[in-house]
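# Notes for the structure review
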Amino acid sequence: QVQLVESGGGLVQAGGSLRLSCAASGRTFSSYVMGWFRQAPGKEREFVAHITWSEGSTYYAGSVKGRFTISRDNAKNTVYLQMNSLKPEDTAVYYCAARPRILVKYAYWGQGTQVTVSS
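A short tour of the structure in this document, coming up. (Residues numbered from 1 in each chain as written. Predicted model: local features only at pLDDT ≥ 70, side-chain atom pairs only at ≥ 80, totals over all residues. Heavy atoms only, no water.)

### Observations regarding the packing of aromatic side chains
Counted by the stated rule, this structure contains eight aromatic pairs. For the pair Y32 and Y108, a centre-to-centre distance of 6.4 Å together with 25 degrees between the ring planes defines the contact as stacked. Taken together, the residues span a long stretch of sequence, with Y32 in strand β4 (residues 32–39) and Y108 in strand β10 (residues 108–109) at a distance of 76 residues. Between F37 and W109 the ring centres are 4.9 Å apart and the planes differ by 55 degrees, which places this aromatic pair in the tilted class. In this pair, F37 is assigned in strand β4 and W109 in strand β10, connecting sequence segments 72 residues apart. Given the relative accessible area of 10%, F37 is considered buried. Through a chain of ring-to-ring contacts, three or more aromatic side chains come together here, namely F37, F47, Y59, Y106 and W109. Taking NZ or CZ as reference, R99 lies 5.2 Å from the ring centre of Y106, over its face. (Phe/Tyr/Trp six-rings, centres within 6.5 Å; stacked < 30°, edge-to-face > 60°. Helix = DSSP H or I, 4+ residues; strand = E, 2+ residues; numbered from the N terminus. Buried < 20%, exposed > 50% of the residue type's maximum accessible area, 1.4 Å probe, protein only. Lys NZ or Arg CZ within 6 Å of the ring centre and 35° of its normal.)

Rendered as structure tokens:
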């Protein structure tokens, strides 16, 4: 059974940094894409970034490019989202997700972790 467990959220001032972690278990993820999404109050969930587990190829939403970095640690089966230069508009619940590379839709989701950026 696949499990994705996020951690690392919290309250930070604008301009600060946080690192989110997503511990993945339950299967081998070498053929998977791991993604981070976020959902702010009253808004739809939006894509933040993804990384291919095997090659480490990355892709970012325009709103976070240059500020956020996604990475993975194969030995720990963990995906990270380093968030720098945080803005109040980054406030949201952040979710980790996983999908097989051959699929477009994400099949597995974590429970989410709250990130709040104060101005």
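### Some words on the state of the cysteines
Counting across every chain of the model gives one disulfide. Across the disulfide from C22 sits C96; the S-S distance is 2.0 Å. Negative torsions about the S-S bond denote left-handed disulfides, and the value of about -75 degrees found for C22 with C96 makes this one left-handed. Of this pair, C22 sits in strand β3 (residues 18–25) while C96 sits in strand β9 (residues 92–100), and the two are 74 residues apart along the sequence. By relative accessible area, which is 0% here, C96 ends up buried. (Disulfide = S-S within 2.5 Å.)

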